[in-house]
Amino acid sequence: MKIEALEDVTVRFSGDSGDGMQLAGNIFSTISATAGNDISTFPDYPADIRAPQGTLTGVSGFQVHIGSDKVLTPGDKCDVLIAMNPAALKTQYKFCSPRSIIIVDTDSFKETDLKKALFTTDNPFEELGIKNDVVEAPISSMCKEALKESGLDNKSILRCKNMFALGLVCWLFNRNLAAAEEMLREKFAKKPEIAAANITVLNAGYDYGHNIHASVSTTYTVDSKSTKEAGKYMDINGNKATSYGFIAAAEKSGLRLYLGSYPITPATDVLHELSKHKSLGVVTVQAEDEIAGCASAVGAAFAGALAVTSTSGPGVCLKSEAMNLAVIAELPLVVLNVQRGGPSTGLPTKSEQTDLLQALYGRNGESPMPVIAAKSPGDCFDSAFMACKMAVEHMTPVVLLTDAFIANGSAAWKLPNLEEYPTITPPYVTADMAGKWTPFMRNEETGARYWALPGTEGFAHRIGGLEKSNETGAISTEPENHNLMTRLRQEKVDRIPVPDVEVEGAEDAELLVVGFGGTYGHLRSAVDTMNKAGEKVALAHFTYINPLPKNTEEVLRKYPKVVVAEQNMGQFAMYLRSKVEGVHLNQFNQVKGQPFVVNELVEAFTNLLKA
Amino acid sequence: MSEYTAKDYKAGQPRWCPGCGDHALLNSLHKAMATLGVPPHEIAVISGIGCSSRLPYYMNTYGMHTIHGRAAAIATGVKVANPNLTVWQISGDGDGLAIGGNHFIHALRRNIDLNMILLNNRIYGLTKGQYSPTSARGFVSKSSPYGTVEDPFRPAELCFGARGRFFARCVAVDLKGSEDVLVKAARHKGASVVEVLQNCVIFNNGTHDSLATAELRSKNAIYLEHGKPMIFGENGELGLVQEGFGLKVVKIGENGITEKDILVHDAHCQDNTLQLKLALMEGPDFPVALGVIRDVDAPTYNDAVYAQVEEVTSKKNYHNFAELLETNETWEIK
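Residues numbered from 1 in each chain as written. Chains lettered and ligands numbered in written order. Predicted model: local features only at pLDDT ≥ 70, side-chain atom pairs only at ≥ 80, totals over all residues.

Q: Quick question: what am I supposed to make of the overall build of chain A here?
A: Secondary structure summary: chain A contains 21 helices and 23 strands in total. Dimensions of chain A, computed from the C-alpha atoms along their principal axes, are close to 85 × 60 × 50 Å. Residue burial in chain A is summarised as follows: out of 611 residues, 55% are buried. (Helix = DSSP H or I, 4+ residues; strand = E, 2+ residues; numbered from the N terminus. Buried ≥ 20, exposed ≤ 12 C-beta atoms within 10 Å, placed from the backbone.)

Q: Just to check I follow, could you spell out the overall build of chain B for this structure?
A: Assigned secondary structure in chain B consists of 10 helices and 12 strands. Dimensions of chain B, computed from the C-alpha atoms along their principal axes, are close to 95 × 45 × 45 Å. Per-residue burial for chain B yields a buried fraction of 49% across its 334 residues. In chain B, once contacts between residues fewer than 6 apart in sequence are set aside, the share between residues at least 24 apart is 66%. (Contact = placed C-beta atoms within 7 Å.)

Q: Explain the pairing of strand 16 (residues 410-414) of chain A to me, please; I cannot follow it from the model alone.
A: Side-chain direction in a regular strand flips from residue to residue, so the side chains alternate between the two faces of the sheet. Residue and element names in this part refer to chain A. Taking burial as the measure, the five residues of strand 16 include four buried ones, the bulk of the element. Pairing analysis gives two bridges linking strand 3 (residues 38-44) to strand 16, with the strands arranged antiparallel. Along strand 16, the bridge assignment pairs T41 with S410. Judged from the five bridges that link them, strand 9 (residues 231-237) and strand 16 form a sheet pairing that is antiparallel. Its bridge partner being in strand 16, N237 is matched across the sheet by S410. (Pairing = 2+ DSSP bridges.)

Q: Please clarify how the domain arrangement of chain A should be interpreted in this entry.
A: Where interface size is given, it is often the accessible area lost as the parts come together that is meant. Residues and elements named next belong to chain A. Assigned domains of chain A: these are domain 1 (2-222), domain 2 (234-420) and domain 3 (503-610). On a C-alpha basis, the centres of domain 2 and domain 3 stand 26 Å from each other. Mapped onto the side of domain 2 that touches domain 3, the elements with two or more residues apiece are helix 14 (356-361), strand 14 (371-373), strand 15 (397-403) and helix 16 (404-408). In the side of domain 2 that touches domain 3, the residues fall into 13 nonpolar, seven polar and four charged. (Domains from an automatic or database assignment. Nonpolar A, V, L, I, M, F, W, Y, C, P; charged D, E, K, R; others polar.)

Q: Please clarify how the pairing of strand 3 of chain A should be interpreted in this entry.
A: Burial analysis of strand 3 of chain A places seven of its seven residues in the buried class, which makes it a mostly covered element. The side-chain alternation of strand 3 of chain A yields two buried faces, one formed by D38, S40, F42 and D44 of chain A and the other by I39, T41 and P43 of chain A.

Q: Would you mind going over the sheet that holds strand 20 (residues 537-542) of chain A with me for this structure?
A: Strand pairing in a sheet relies on backbone hydrogen bonds, with the paired strands running either antiparallel or parallel. All names here are of chain A. The strand order 18-20-19-22-23 describes an open sheet built from five strands, whose pairing is mixed. If you trace the sheet from one side to the other, it starts and ends with strand 18 (503-505) and strand 23 (586-589), each paired once. Adjacent strand axes in the sheet meet at a mean angle of 25 degrees when their direction is disregarded. Pairing between strand 22 (residues 561-566) and strand 23: four bridges, direction parallel. Note on strand 23: the bridge partner recorded for V563 is N586. Helix 20 (residues 571-579) contacts strand 19 (511-516), strand 22 and strand 23 of the sheet and is inclined by roughly 135 degrees relative to strand 22. (Axes fitted to C-alpha atoms, helices over the stretch in contact; angles between N-to-C directions.)

Q: Sorry, what's going on with the packing of helix 5 (residues 139-146) of chain A against helix 7 (residues 161-172) of chain A here?
A: Residues and elements named next belong to chain A. For the pair helix 5 and helix 7, interaxial distance at closest approach is 9 Å and the crossing angle is 105 degrees. The orientation of helix 5 with respect to helix 7, classified from their angle, is roughly perpendicular. Together, I139, S140, M142 and C143 of helix 5 and K161, F164 and A165 of helix 7 make up the contact between the two elements. Within the contact of helix 5 with helix 7, the residues separate by chemical class into five nonpolar, one polar and one charged. (Parallel < 35°, antiparallel > 145°, perpendicular 65-115°, else oblique.)

Q: What is the right way to read the packing of helix 12 (residues 290-303) of chain A against helix 13 (residues 313-329) of chain A from this model?
A: Geometrically, a packed helix pair is captured by the angle between its two axes and the distance between the axes. All names here are of chain A. The contact between helix 12 and helix 13 brings their axes to 7 Å, and the two run at 25 degrees. With respect to each other, helix 12 and helix 13 are oriented roughly parallel. Judged by the twist between their axes, the crossing of helix 12 over helix 13 is right-handed. Counting all contacts with helix 12, which are made through E290, I291, C294, A295, V298 and A301, the residues of helix 13 involved are G315, L318, K319, A322, M323, L325 and A326. Of the residues contributing to the contact of helix 12 with helix 13, the split by class is 10 nonpolar, one polar and two charged. (Left-handed = near helix turned anticlockwise from the far one by under 90°.)

Q: What exactly am I supposed to notice about the interface of chain B and chain A here?
A: On the chain A side, the residues contacting the 50 residues of chain B number 56 residues. Those elements that place two or more of their residues in the side of chain B that touches chain A are strand 1 (43-47), strand 2 (62-65), helix 2 (71-81), helix 4 (101-110), helix 9 (301-315), helix 10 (321-325) and strand 12 (330-333) of chain B. Per element, the largest residue contribution to the side of chain B that touches chain A is eight residues, and it comes from helix 2 of chain B. When its residues are assigned to classes, the side of chain B that touches chain A shows 25 nonpolar, 19 polar and six charged. Across three bridges, the pairing between strand 17 (residues 462-464) of chain A and strand 2 of chain B is parallel. If you follow I463 of chain A over to strand 2 of chain B, its bridge partner there is M64 of chain B.

Q: Would you mind showing me how to read the environment of T121 of chain A here?
A: Residue and element names in this part refer to chain A. Summarising the element assignment, T121 is placed in the loop between helix 3 (111-116) and helix 4 (124-128). Along the primary structure T121 and E111 are separated by 10 residues, whereas in three dimensions their C-alpha atoms are 9.1 Å apart. In this view, T121 contacts E126 and E127; residues no more than four positions away in its chain are not counted.

Q: Help me out: how do you make sense of the environment of A107 of chain B in this one?
A: With respect to the helices and strands, A107 of chain B occurs in helix 4. In contact with A107 of chain B, other than residues within four places in its own chain, are A72, T76, I112, L114 and A191 of chain B.

Q: I'm lost on the sheet that holds strand 9 of chain A in this one. Help?
A: Pairing in this open sheet of nine strands is mixed, and the strands run 7(A)-6(A)-5(A)-2(A)-4(A)-3(A)-16(A)-9(A)-12(B) from one edge to the other. At either end of the open sheet lies a strand with only one pairing partner, and these are strand 7 (133-137) of chain A together with strand 12 of chain B. Each adjacent strand pair in this sheet contributes to an overall mean axis angle of 25 degrees, direction not counted. Across four bridges, strand 2 (residues 8-16) of chain A lies against strand 5 (residues 78-83) of chain A in parallel orientation. Bridging across to strand 5 of chain A, V11 of chain A finds its partner in V80 of chain A.

Q: Where do I start with the environment of F125 of chain A in this structure?
A: Within the secondary structure, F125 of chain A is located in helix 4. Leaving out residues up to four positions away in the same chain, F125 of chain A has contacts with I130 and V134 of chain A.

Q: Please clarify how unusual backbone geometry should be interpreted in this entry.
A: Generally, phi is negative for residues other than glycine and the peptide bonds are trans, each holding for most cases. Following T265 of chain A, the chain continues into P266 of chain A via a peptide bond in cis, with omega recorded as 0 degrees. Secondary-structure assignment places P266 of chain A in the loop between strand 10 (257-261) and helix 11 (268-276). The omega angle of the peptide bond from N546 of chain A to P547 of chain A is -5 degrees, so this bond is cis rather than trans. Positive phi values are uncommon outside glycine, yet R163 of chain B reaches one of about 70 degrees. With respect to the element layout, R163 of chain B can be found in the loop between helix 5 (155-161) and strand 5 (166-171). A count of 15 C-beta atoms within 10 Å places R163 of chain B in the partly exposed class.

Q: Please explain helix 1 (residues 21-34) of chain A as it appears in this structure.
A: The α-helix advances 3.6 residues per turn, and as a result positions three or four apart in sequence lie on the same side. All names here are of chain A. Across its 14 residues, helix 1 extends 20 Å between first and last C-alpha, which sits within 8% of the 20 Å expected from 1.5 Å per residue. Counting buried residues in helix 1 gives 12 out of 14 residues, a clear majority hidden from the surface. Of the positions making up helix 1, those classed as buried are M21, A24, G25, N26, I27, F28, S29, T30, I31, S32, A33 and T34. (Expected span 1.5 Å × (residues − 1).)

Q: Hey, could you run me through helix 12 of chain A in this one?
A: All names here are of chain A. Compared with an ideal rise of 1.5 Å per residue, which puts 14 residues at 20 Å, helix 12 spans 20 Å between its outermost C-alpha atoms and is within 8% of the ideal. Within helix 12, 14 of the 14 residues are buried, which leaves the element mostly enclosed by the surrounding structure. Two residues or fewer after helix 12 comes G304, characterised by a positive phi angle close to 110 degrees.

Q: Is there a simple way to explain the confidence of the model for chain B in this structure?
A: Per-residue pLDDT for chain B averages 97, and the proportion of residues at 70 or more is 100%. Taken over the whole predicted complex, pTM reads 0.95, whereas the ipTM for its chain interfaces reads 0.97. (pLDDT = per-residue confidence, 0-100.)

Below is the structure:
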């Protein structure tokens with residue numbers, strides 16, 4: 001038996017949505033990370049909650065990309081595909097390359113199973129034209145065999161078959177099972193008999209590979225080059241990192257975190273996560289609708305909380321009126337939009353960047369609002385933290401854009417030390433202002449008004465959705481005052497300091513790739529690949545969208561060719577053109593609901609270089 | 001005794017039409033606040049959009065004049081974020097029951113400790129005269145020149161349907177009656193609704209004419225008080241009794257009816273069946289019920305939220321962000 005060392009490997013677990021593929025994938029990524037690999041994962045859930053068993057719409061996938069060095073995406077194609085049934089094989093085969101090894105549970109490839117997956121012959125491999133190495137393992141029966149003396153019922157036994165597949169994969173990649181066993185013991189701490197059964201099956205899968213050499217000639221290792229910074233790490237997805245960012249900002253600012261929200265895919269996990277943390281004083285209100293989620297957050301902001309509302313694109317449509325109230329009343333508010341496919345209900349579980357212009361301009365009147373777009377699961381933490389800092393210190397609503405891809409995808413994340421994060425200082429009124437203070441008295445440097453919290457004696461005041469006099473705070477329809485207030489609100493946002501955009505890649509690049517938000521991993525991987533091949537390409541990836549970094553114009557004008565790559569029809573390119581007059585930008589646009597594919601990016605950028 | 005007077009709660013110069021019922025209600029609210037004695041800076045008055053929603057500008061308290069229909073939702077956020085504040089929510093019939101109907105019922109269902117004033121003039125005033133969700137079927141307005149073809153909401157019914165625990169009614173021009181129910185609404189712990197019957201002199205003049213004076217109210221209304229018999233009429237000669245599934249107006253002294261036969265009001269009764277019947281009475285056969293119709297204790301949302309925060313805090317072993325991080329499965333790279 002040969003053992004080959006690989007730089008990186010992508011494994012895709014797939015099966016019925018009840019087959020436990022997410023758990024198997026999670027365990028594999030965590031034990032790989034524990035062994036020192038870098039990791040990136042992406043779950044691919046079906047839209048149906050529990051589609052009929054064995055059908056094409058019920059297939060759930062979980063892709064894990066592990067590497068000895070830095071891993072930036074969950075991988076384009078998989079090296080190993082686990083297909084627990086014919087439906088999984090049929091729908092997931094497109095993620096295979098000709099070299100991919102496919103592992104199937106032959107017990108689930110009976111005639112009825114094939115029919116459910118709409119196969120017309122009794123040879124699904126031939127029917128799909130599959131020429132790959134296929135490991136045919138009777139996973140269900142081996143699982144039953146391993147647990148025949150466990151005393152568990154048949155249903156519970158079959159629930160363990162994901163662990164057989166995991167054991168087999170662990171054998172293929174020479175992974176130590178101890179860490180996986182520990183995770184199972186912890187996960188099923190309250191049901192030790194289930195933990196034991198899962199561990200038995202995990203070992204059975206490993207041994208099965210070992211004993212029969214699973215009809216493959218080689219097993220693999222992915223060593224750790226350990227280029228990562230020393231420290232403690234955890235596996236985190238974007239929604240959890242975003243939630244943690246809000247919690248950290250609340251602690252740093254000394255404010256209570258208030259979330260007003262309404263369940264919506266793919267943002268709901270933020271509501272789930274935050275509602276757990278009452279011991280940190282977090283208050284979550286599951287409102288009657290999206291409007292109330294945002295409106296109640298505006299009320300909470302008025303009362304002195306760090307107010308957040310979380311949603312996805314369709315929810316933002318409903319929230320925009322209340323967001324505008326925060327604009328004119330100049331109250332701090334963070335609006336999280338975990339973008340999904342649109343328009344309308346669109347593709348709820350899929351990822352896009354199509355809400356950028358909505359975030360920037362989707363409200364009535366002149367309504368300037370800072371926009372931040374997180375670039376990776378881990379970066380969701382920093383972006384959420386900074387969105388809160390901006391909102392509170394500049395007394396403005398802020399839009400935080402993430403997307404389904406980084407929200408559900410996960411990566412290794414170094415535990416942050418809050419002491420190293422910037423302070424968040426709410427611009428509270430001070431006692432000496434009493435008597436002279438009016439609601440729109442502004443800090444000269446930031447242009448932000450001072451915050452007088454209800455309950456503070458001497459500062460009772462009324463604000464609201466009608467235009468107010470900058471001087472007195474009373475309702476005003478004076479033409480000059482409205483003109484002034486419009487400009488002051490704009491200037492306040494324009495003055496927010498943001499870091500320069502960094503250019504990564506070849507210094508003498510002939511092509512600059514420009515992106516924003518959740519596409520960073522794919523764009524950076526494409527640029528890295530091209531740099532390795534000697535191509536002169538660089539990447540400028542934007543997190544701060546409004547205001548734009550000060551060096552934006554300089555960067556865009558510096559390179560002979562620029563291409564803006566985004567998962568929409570060119571919204572960021574359009575925005576950049578409006579901010580940097582006359583700049584010529586090429587565009588690469590895909591709106592498929594799926595992450596970019598690195599190879600396709602490389603091809604497109606190479607063609608542009610040559611053109 | 002309160003150390004405050006009505007003046008301490010006054011701000012600005014009201015800009016409503018002369019003769020508008022809002023003026024009267026505002027005065028009653030100032031007086032009620034003085035009676036209650038909550039310091040002005042510990043009060044937040046939240047309104048939506050409409051004529052009556054201008055009210056916060058005339059209160060020397062914290063206040064927010066927000067967006068159409070959302071007052072209850074915004075007030076919810078204020079109260080939950082800072083439960084130490086006394087929160088009043090002001091809406092009209094359009095703001096509260098049409099565009100804001102959803103927030104109205106859910107604030108009641110959750111039992112947020114809000115004092116919700118619903119000014120009902122059965123018309124859209126600020127947009128100059130369209131029918132509202134409380135306008136009677138057939139009502140002729142600018143947007144219903146041939147009469148409406150829809151039935152109105154009866155606010156009490158909606159409130160009771162949303163499990164409302166406090167419902168009172170007053171007539172704006174009846175200053176004493178208004179102040180009385182506003183004070184009681186504020187003292188009630190939980191969401192309390194006060195329906196204020198209010199005239200719009202411009203677009204729906206006379207809509208509550210049958211209740212406009214003390215004399216008319218003695219004939220056409222009944223002031224309900226917990227524990228007191230339901231007697232009304234110019235000389236207290238009429239009363240209410242239960243008959244079958246319904247209520248009936250009787251004359252005391254006729255057909256052997258004595259005061260003992262008259263129903264005694266029970267605002268604290270958990271079962272709202274009779275209270276609803278009282279709330280839905282209307283002329284000419286029945287008097288309109290004024291005063292506190294329902295006043296039942298129940299746990300408030302805001303109290304429950306913080307009780308849960310306290311309980312979970314005592315049970316969980318992490319109380320700051322650094323400790324939260326440690327609850328995760330981690331690995332170390334050296």
